[in-house]
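# Observations on the model geometry
The lines below spell out each chain.
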Amino acid sequence: MIRTTLAAGVGLAAALAAPQAQAQSASNSEEIALLKQQLHLLERKLDRLQKQTTANTQAAAKANAKADATKTAAANANAALPVKGAPVASGVVVTMPNNRPTICTADEQNCVSLTSRVHFDAGGYDYHPNTAGTVPQRLDDGTNLRRARIGVLGKFFGDWNYVLIYDFGGSSDGFGGTAPGSLPGGGVSGVENAYLSYTGLKPFGGKMAIEGGIMDIPYTLDEATSSNDILFMERASAGVIATNIAAGDFRSTFGTRWWNDVFWAGAYVTGPTTGAIHSASSITPPGTTEQYGAVARAAGQIVSGKDYSLHLGADAEWLIQPPHNLVTGAQTVTLSDRPELRIDPTALISTGAIANASGAQVYSIETAATYGPLWLQGEYYWFNVDRGAATGLPPFGAPSLKFQGGYAQASYVLTGETHTYNPAAAAYNGINPTNPFSLAGGGWGAWEIAGRVSTIDLNDQLATATGIAGGRQTIYTAGLNWYVNRNVRFMLNYVHGNISKQAAPTGAADVGSKFDAIAMRTQVAF
């Protein structure tokens, strides 16, 4: 381009100079020769510049190629060696199902979750003992941190599941000790769950869990229902007394359960609860040998549809070896419960320590049904306590004892939601509000009304020296539940109780009582 431009310039100059040359004759020939010489010099200079530019371009290209090779080698080296830099994706997924913090691997074969529940109760009694001989003479108002649990649950390699939960609750739900003079109000916290479960086997087209450790055993329909989902602040006394024999919370156990969408079956061998003192060196309280028992349950949702279901089941429980007192040599079993409210820890019905207990059995039936927002449930229990232990202590040759009790309850969800079925536990879930409470969104949560009548008779062989006068209790409960959202619930219970009790099996003195109580629970769980 430069050469062309110079040539054009020279041509133009020559064209302009030509007329002048004609006018001035040959004197201008020298100037033309000088211009040609200058043009020749410019052409040579242009050639040198082009050659230099080409050389510089080739050198730059070689340098760039060498730099690219160096960068590639460095990148390969960095890929092979661990160095600091931007984090690499780890395959970990963090989720919040039902607001429960959960961390899983991308394939969901390994997970760990944080779980917790807090049940805080407050209430008061209007208590009326029938006579001056009634014990107690009063029940105290107050509060109770009924449950305060926190723990972890998760799985390894898809099939190995684990749970570890500690309960800090029971702030007013026990006694400070078992030694004489101990006062009510002692804490009863402890390990509520600590077990391992294997779910890799799937026989007969269903699911199966083989598990052992400290568990809340799914024995009876009411116990298989989570305490987050029960209709009232406390379960019915008949079921509580049954589960306390060889099942219930904090229980050491090993067993298996199988289920599908319709049927559930399970059986467990059981031991003592956590915190039981089984050491001969313990004097206050006295140490005892470990107890052994077993439970079995078969249940299922035999009829189900879009907005209805019917559940039936049967349960059995055996106390095979009662605890044996290593200090006194006694072997006893006690059946008792609080009046379906645990603000005051005092039990109003109790068999006392049944001497020479060689074993106990409980058999029960269960049923439940839903129809839209309506939920019905009931259970009935038959108890038998054998008194054939050879302890060398009286009474000798006493016959077996028989007790019975049960409950029926119903609820209706005013906002239209229904209690769904949980096949893994053969029990019903709580309410998940369609419109959670929100001032901004206009939702008011779910509202439910409920009622229950329960009875338990701990009297047998009255008017005999070896009889038991544990009392007969009938309680009516009305409840209002407000499900603010899936994690928060408020419960209001009104309880009316009537306890018919005589002072001794052979004495007809009235030591019964009546009471009314009102209580409220604040519940948070995830």
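As the structure is a prediction and not an experimental result, all values here were calculated from the model.

This part covers the pairing of strand β21 (residues 488–500). Every second residue of β21 is oriented toward a common face, the buried set being Arg489, Met491, Asn493, Val495, Gly497 and Ile499 and the non-buried set Val488, Phe490, Leu492, Tyr494, His496, Asn498 and Ser500. Relative to β21, strand β20 (residues 468–483) runs antiparallel, the two sharing 12 bridges. Across the sheet, the residue bridging to Gln473 is Ile499, located in β21. Hairpin connection from β20 to β21: 4 residues lie between these consecutive antiparallel strands.

Take the side chain of Asp229 next. Within the secondary structure layout, Asp229 lies in the loop between α3 (221–224) and α4 (237–246). With no salt bridge to any partner, buried Asp229 finds its closest opposite charge in Arg486, at an N-O distance of 4.4 Å. Here Gly430 takes part through its backbone nitrogen, which lies 3.3 Å from a polar atom of the side chain of Asp229. Apart from the residues within four sequence positions on either side, Asp229 is in contact with Tyr428, Asn429, Gly430, Arg486 and Arg489.

Of all 10 residues in α4, 9 are buried; the element is thus mostly enclosed. Buried within α4 are the following residues: Ser237, Ala238, Gly239, Val240, Ile241, Ala242, Thr243, Ile245 and Ala246. In the segment just after α4, Gly248 is the residue with positive phi, at about 80 degrees.

Another point: the packing of aromatic side chains. Throughout the structure, instances matching the rule amount to 14 aromatic pairs. An angle of 80 degrees between the planes, with centres 6.5 Å apart, marks the rings of Trp318 and Tyr363 as edge-to-face. Of the two residues, Trp318 is situated in strand β11 (residues 308–321) and Tyr363 in strand β14 (residues 359–371); the sequence distance between them amounts to 45 residues. Residue Trp318 is classed as partly exposed on the basis of its relative accessible area, which comes to 31%. For Tyr363, a relative accessible area of 40% translates into the label partly exposed. Centroid distance Phe437 to Trp482: 5.5 Å. Interplanar angle 85 degrees. Geometry classified as edge-to-face.

The rules we used
Residues numbered from 1 in each chain as written. Predicted model: local features only at pLDDT ≥ 70, side-chain atom pairs only at ≥ 80, totals over all residues. Heavy atoms only, no water. Buried < 20%, exposed > 50% of the residue type's maximum accessible area, 1.4 Å probe, protein only. Helix = DSSP H or I, 4+ residues; strand = E, 2+ residues; numbered from the N terminus. Pairing = 2+ DSSP bridges. Lys, Arg positive; Asp, Glu negative; His and termini not counted. Salt bridge = Lys/Arg side-chain N within 4 Å of Asp/Glu carboxyl O. Polar contact = N/O pair within 3.5 Å; in protein donor to acceptor, adjacent residues only side chain to side chain. Contact = heavy atoms within 4.5 Å. Phe/Tyr/Trp six-rings, centres within 6.5 Å; stacked < 30°, edge-to-face > 60°.

Limitation: the analysis is restricted to geometry and does not speak to function.
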